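Working through the structure, step by step
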Amino acid sequence: MSEPATPTASTASTAATGLPGPTGGQAEPRRYLAMLALFVLGLMGGIWTVIAPFVLNWPTGADGSWTDPIRDTVITGAVLAGASAVAIVITAGFAARAVAQAVAVEANPTV
Amino acid sequence: MTLRTMLGIGWSILVGLAGGWLVLMPWALNVQGNGDWTDLTKGAFWTGLALLAICAIGLIVTIGLIVRAVTPQRPPRQRPAAETNDNQAELDRALLQIASKLAADLSAPANGRTNGAVTRTAPAPANGTVNGQTAAPATTNEPATEGEGVLTHGGAER
C-alpha cells in the first residue's frame, strides 16, 4: 500500500538549501553548528591577530607610532574578525530558520 | 551552490590569505634580517600558520558538508523494538500451538489409529437391525491408505 507523500523535516531542509536534505530533522541545524564553531574560531584568531603586536611588545616607532608590521597585522586581524562576525550572524540566522522549520514540521507533519 | 557553502569557502579563502600574509610579512616588509628570528617574526609566523590551519579546517568542513548534501542517503533501517517483540511473541505462540497439537496426537493412539492401522467403527443402521438381527457396531482393522483417515499435525483429516 502506498501512502501519500508528506513533507518531513528532511524535505523542508531540502527546500531551504536547494540540496538533498539529510535523513534526520536535526541534522541540518547540526551542520550550521559546525560552521558556527568554525567561524567563532576564526573570530578568536582575528582578535588575537589584532592584539598580538601589543601583547608580544612588537617594537614601535621612536615616537610610539605604529610601524608597518603592527599596522598591517592589526588591519589583517580586524578584517578577519569582521568577516568572521558577519559569517556568524548569517549562519546563526540560517540555523534559527532551520530549527524553526524542523520544529514546525515535527509539530504538524501533514502540512 | 548554496549561500552556506559559498560563505564557508569564501571565509576559508579569506582566512588563508590572511594567514599567508602574516607568515610572509616579516620578509615582505623587510623587518627580518638574516639573523635569528625576532619576536615580531616569530609572532607573525606562528599566528599566520595557525590561521592557515583554520583555513584548512574550514575548507575540509565545507567540502564535507557539500559532499554529504549531494550524496544520496539511504533512510536508516529502524525496526521499532515493540514490533520486534510482537513478532517474536507471535512466533512463540505458533510454535507452542504446533507442539501442543503434536503432543496431543502422540499421546492419543486409540483415537483412530492402532499399530499403524485405522480403527473404524461402522455406523449402525438406522433401525438397529440387519437382516432381522440386532446389529452390534462392527469394528474393522484395515491398513491406512494414503489420503484416507490419516491425521495431520493439526489433528484434522486430510
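Residues numbered from 1 in each chain as written. Chains lettered and ligands numbered in written order. Predicted model: local features only at pLDDT ≥ 70, side-chain atom pairs only at ≥ 80, totals over all residues.

Turning our attention to the overall build of chain A. Along chain A, the regular secondary structure elements total three helices and zero strands. Put simply, chain A runs from its N terminus to its C terminus through helices and strands in the order α-α-α. Across the 111 residues of chain A, 30% fall into the buried class. Considering only contacts in chain A between residues 6 or more positions apart, those separated by 24 or more positions represent 71%. (Helix = DSSP H or I, 4+ residues; strand = E, 2+ residues; numbered from the N terminus. Buried ≥ 20, exposed ≤ 12 C-beta atoms within 10 Å, placed from the backbone. Contact = placed C-beta atoms within 7 Å.)

Here we take up the nonpolar core. In this structure, Phe39 of chain A together with Trp11, Val15, Ala18, Leu22 and Leu51 of chain B are the most contacted members of the largest nonpolar core, which totals 22 residues. Contributing elements (two or more residues each) for this core: helix H2 (27-55) and helix H3 (68-107) of chain A together with helix H1 (3-28) and helix H2 (39-70) of chain B. Considering every element that reaches this core, the biggest residue donor is H3 of chain A, with seven residues. Setting aside residues up to four positions removed in sequence, Phe39 of chain A forms contacts with Ser84, Ala87, Ile88 and Thr91 of chain A together with Trp11 of chain B. (Core = buried A, V, L, I, M, F, W, Y, C linked by C-beta atoms within 7 Å.)

Residues and elements named next belong to chain B. Relative to the elements of secondary structure, Thr62 occurs in helix H2. On a C-alpha basis, the gap between Thr62 and Arg4 in space is 8.7 Å, while along the polypeptide they are 58 residues apart. Those residues within four positions of Thr62 in sequence are excluded, and the remaining contacts are Thr5, Gly8, Ile9 and Ser12.

Let us look at the packing of H1 of chain B against H2 of chain B. All names here are of chain B. In contact at an axis separation of 7 Å, H1 and H2 are set at 160° when each is read in the N-to-C sense. In terms of orientation, H1 and H2 fall into the roughly antiparallel class. Handedness of the crossing formed by H1 with H2: left-handed. Residue classes in the contact of H1 with H2 are distributed as 21 nonpolar, 11 polar and no charged. (Axes fitted to C-alpha atoms, helices over the stretch in contact; angles between N-to-C directions. Parallel < 35°, antiparallel > 145°, perpendicular 65-115°, else oblique. Left-handed = near helix turned anticlockwise from the far one by under 90°. Nonpolar A, V, L, I, M, F, W, Y, C, P; charged D, E, K, R; others polar.)

Turning next to the packing of H3 of chain A against H1 of chain B. Axis separation between H3 of chain A and H1 of chain B bottoms out at 11 Å; the angle between their running directions is 165°. For the element pair H3 of chain A / H1 of chain B, the angle class is roughly antiparallel. In this structure, the crossing between H3 of chain A and H1 of chain B has a hand that is left-handed. Residues Pro69, Asp72, Thr73, Thr76, Val79, Leu80, Ala83, Ala87, Ile90, Thr91 and Phe94 of chain A of H3 of chain A touch H1 of chain B, and the partners they reach there are Arg4, Leu7, Trp11, Leu14, Val15, Ala18, Trp21, Leu22, Met25 and Pro26 of chain B. Of the residues assigned to the contact of H3 of chain A with H1 of chain B, the class counts are 16 nonpolar, three polar and two charged.

Residue and element names in this part refer to chain B. When pLDDT is averaged across chain B, the result is 75; 63% of the residues are at 70 or more. The least confident element of chain B is strand E2 (residues 129-130), whose mean pLDDT is 48; the most confident is H1, at 92. Note on residues 135-140: pLDDT under 50 across the span, and 13 contacts to partners over four residues away in sequence or across chains. Complex prediction metrics read pTM 0.57 and ipTM 0.71. (pLDDT = per-residue confidence, 0-100.)

Listed as interface residues are 32 residues of chain A and, on the opposing side, 32 residues of chain B. For the side of chain A that touches chain B, the secondary structure elements donating two or more residues are H2 and H3 of chain A. Here the side of chain A that touches chain B gets 12 residues from one element, more than from any other, and that element is H3 of chain A. Considering only residue class, the side of chain A that touches chain B consists of 20 nonpolar, nine polar and three charged.

Attention shifts here to H1 of chain B. Given 3.6 residues per helical turn, the α-helix brings residues three or four places apart onto the same face. Residues and elements named next belong to chain B. Compared with an ideal rise of 1.5 Å per residue, which puts 26 residues at 38 Å, H1 spans 35 Å between its outermost C-alpha atoms and is within 8% of the ideal. Approximately 35° is the largest bend angle found in H1, and it occurs at Leu22, with the proline Pro26 only one to four residues beyond. Arg4, Gly8, Trp11, Ser12, Val15, Ala18, Gly19, Leu22, Met25 and Pro26 are the residues of H1 that are buried. Backbone geometry just downstream of H1 places Asn30 in the positive-phi region, at approximately 60°. (Expected span 1.5 Å × (residues − 1). Bend = angle between axes of the 7 residues up to and from the residue.)

Not every positive phi belongs to a glycine, and Asn57 of chain A is a case in point at roughly 55°. For Asn57 of chain A, the position within the fold is in the loop between H2 and H3. Asn57 of chain A gets classed as exposed once you count the C-beta atoms within 10 Å, which come to 10. Look at Asn30 of chain B: it is not a glycine, yet its phi comes out positive at around 60°. Within the fold, Asn30 of chain B resides in the loop between H1 and H2.

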